[in-house]
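# Examination of the molecular architecture
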Amino acid sequence: MKTQYKTALFMACTIAFAIFLMSSTPKLTSVAMDDAGYVHPTAYKNLITYQENNMSVYRTLAASEKKAEGFKKSVRNATKSSLTIPTDTKNSLVYQKEDPTAFFQQDLASGKLAFNKGMGDYLKSGGRSLPKQEAANDIAMRYLNESGLAPANKEEIKMMHSGGLRLATAGSEKQIDVLRTISYGRFLDGVPVYGPSSKIIVHVGNNGEIVGANSLWKEVAANKGTPLKKEEMKSAKEAEVEMNRRLATDFGKGAKTKIKEMSLAYYDGGLNYIQPAYYFQIIVSLPKMNENPATEFEYLGIVPALKKTPEAFEVLQQASPEARKVIGKSSEKEMRKDPKRDIE
């Protein structure tokens, strides 16, 4: 329970950013199959791209001690020093005993800087004096600049979603606003960056107070990347073939898959590099299996765009619980055969 609130909004927005940015009118591909049961590639013909020049690889840097100190100062001001904040720069996660939703966290290596002053009062009575959404947007951006969480290159950060947290009142279907929540993502040379990192969320509460912030953001070295040659990249067709084979492995031949959309963007896994990747919005239809009914869901698939990635590439999967059970069972069998199956 202690970590649920801290992570829930942030992880939900990680997937929401990708789906939001790639969303458009669906154009489903045909699903012709070959003799082995793999779908013939067709989505690559409608590949969505954002860049005018060649894609690049960006080296990322750990958060600086100066940035950490600026953030700590902003947290002391926001919490009136009610939170225990470490004086050094070692990795730390500290909770307030009186309110487990209040915490401070730092990890300079991953660029993680986060805090929440506590949700106790808000969860009891909601947001009584929340600012209007546009005003909350301005408050959040001003906080990012004053706290030092905003990136050095302001052109990289973009507001991706402006909304809030709502809760249902006991014994009623009525919902009450609890917080204003503003989420930010990253663009490099006009290309969106997806993945678990390059994300910032700010929570604005009553009378415009900053209730919390959650940042996973590392600066890129020298604000420029290393341009890639065409021969270093997988073609869109090769990436689609790889995605189709993975789908067949994960879900089995009985599953039907349709790619709604395919795009080329960047991936930030929170390690040491931001690298290009192909993204797939997919509809997966699973047949009835034993006691599990037939089901259909959307699935976000990712394939590294580089033939040789600079670091291990962990594939992001987003699917229904039923699908994850199927993936887990089949992936376990495949990993026994080839433990490097998802690492380029």
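Provided above is the structure to which this section pertains.
Residues numbered from 1 in each chain as written. Predicted model: local features only at pLDDT ≥ 70, side-chain atom pairs only at ≥ 80, totals over all residues. Heavy atoms only, no water.

### Quick notes on helix H2 (residues 65–79)
Over its 15 residues, H2 runs 21 Å from end to end, which matches the ideal 21 Å to within 8%, given 1.5 Å per residue. Buried residues of H2: Lys67, Ala68, Phe71, Lys72, Ser74, Val75, Ala78 and Thr79, and no others. Viewed along the axis of H2, the buried residues span an arc of 165°, placing them on a single side of the element. Every exposed residue of H2 that faces more than 90 degrees away from the buried side is listed here: Glu65, Lys66, Lys73 and Asn77. Looking at the buried residues of H2, the elements they touch are strand E4 (99–107), strand E5 (112–116), helix H4 (133–147) and strand E10 (210–216). Backbone geometry just after H2 places Lys80 at a positive phi near 55°. (Helix = DSSP H or I, 4+ residues; strand = E, 2+ residues; numbered from the N terminus. Expected span 1.5 Å × (residues − 1). Buried < 20%, exposed > 50% of the residue type's maximum accessible area, 1.4 Å probe, protein only. Arc of directions from axis to C-beta. Contact = heavy atoms within 4.5 Å.)

### Considerations on the environment of Asp268
Here Asp268 is to be found in strand E12 (residues 256–268). In this structure, the C-alpha to C-alpha distance between Asp268 and Ser198, residues 70 residues apart in sequence, is 6.6 Å. Beyond its immediate sequence surroundings of up to four residues, Asp268 is in contact with Arg186, Val193, Tyr194, Gly195, Pro196, Ser197, Ser198, Tyr273 and Ile274. Reaching out from Asp268, the side chain makes a polar contact with the side chain of Ser198 at a distance of 2.7 Å. Within the structure, the side chain of Asp268 is placed 2.9 Å from the backbone nitrogen of Gly270, a separation counted as a polar contact. (Polar contact = N/O pair within 3.5 Å; in protein donor to acceptor, adjacent residues only side chain to side chain.)

### Digging into H4
The terminal C-alpha atoms of H4, which comprises 15 residues, lie 21 Å apart, in line with the 21 Å expected from a rise of 1.5 Å per residue. Its buried side turned inward, H4 meets H2, E5, strand E6 (157–168), strand E7 (175–188), strand E9 (199–204) and E10. Looking one or two residues past H4, Gly148 carries a phi angle of roughly 90°, positive in sign.

### Details of the nonpolar core
Ranked by size, the top nonpolar core spans 39 residues in total, and within it Phe251, Tyr266, Tyr278, Tyr279, Phe280, Ile282 and Tyr299 carry the most contacts. Taken together, the elements giving at least two residues each to this core come down to strand E2 (56–59), strand E8 (191–194), helix H5 (236–251), E12, strand E13 (273–286) and strand E14 (295–304). Beyond its immediate chain neighbours, meaning those up to four positions away, Tyr278 contacts Leu47, Lys234, Ser235, Ala236, Ala239, Met262, Ser263, Leu264, Gly301, Ile302, Val303 and Ala305. Core analysis: the next-biggest nonpolar cluster, separate from the first, contains 28 residues, Phe104, Leu113, Ala136 and Ala213 among them. (Core = buried A, V, L, I, M, F, W, Y, C linked by side-chain atoms within 4.5 Å.)

### Re the pairing of strand E3 (residues 92–96)
Here E3 runs beside E4; their pairing, made up of 5 bridges, is antiparallel. Across the sheet, the residue bridging to Gln96 is Asp99, located in E4. The turn joining E3 and E4, which pair antiparallel and follow one another in sequence, is formed by 2 residues. (Pairing = 2+ DSSP bridges.)

### Points about the side chain of Glu311
With respect to the secondary-structure elements, Glu311 resides in the loop between E14 and helix H6 (321–337). For the buried Glu311, no salt bridge is present, and the opposite-charge side chain at shortest range is Arg59, 6.4 Å distant. In terms of polar contacts, Glu311 uses its side chain to reach the backbone amide nitrogen of Tyr273, at 3.2 Å. In contact with Glu311, other than residues within four places in its own chain, are Leu271, Asn272, Tyr273 and Gln275. (Lys, Arg positive; Asp, Glu negative; His and termini not counted. Salt bridge = Lys/Arg side-chain N within 4 Å of Asp/Glu carboxyl O.)

### Comments concerning the pairing of E2
Relative to strand E11 (residues 226–227), E2 is paired through 2 bridges, and the arrangement is antiparallel. Residue pairing across strands places Val57 opposite Thr226, the latter belonging to E11. Where E2 lies against E13, 2 bridges are found, and the strand directions are antiparallel. Bridge pairing in E13 places Tyr58 opposite Ile274.

### Regarding the pattern of salt bridges
Applying the stated criterion to the full structure yields 8 salt bridges. Here Arg180 and Asp177 are joined by a salt bridge, their closest N and O atoms 3.6 Å apart. Here Asp177 falls in the partly exposed class, since its relative accessible area comes to 27%. Of the charged contacts, one joins Lys234 and Glu242 as a salt bridge, the two residues approaching to 2.9 Å between their closest N and O atoms.

### Overview of the environment of Ile283
You can see Ile283 is positioned in strand E13. Considering only alpha carbons, one finds Ile283 and Ile259, 24 residues apart in sequence, at a separation of 6.4 Å.

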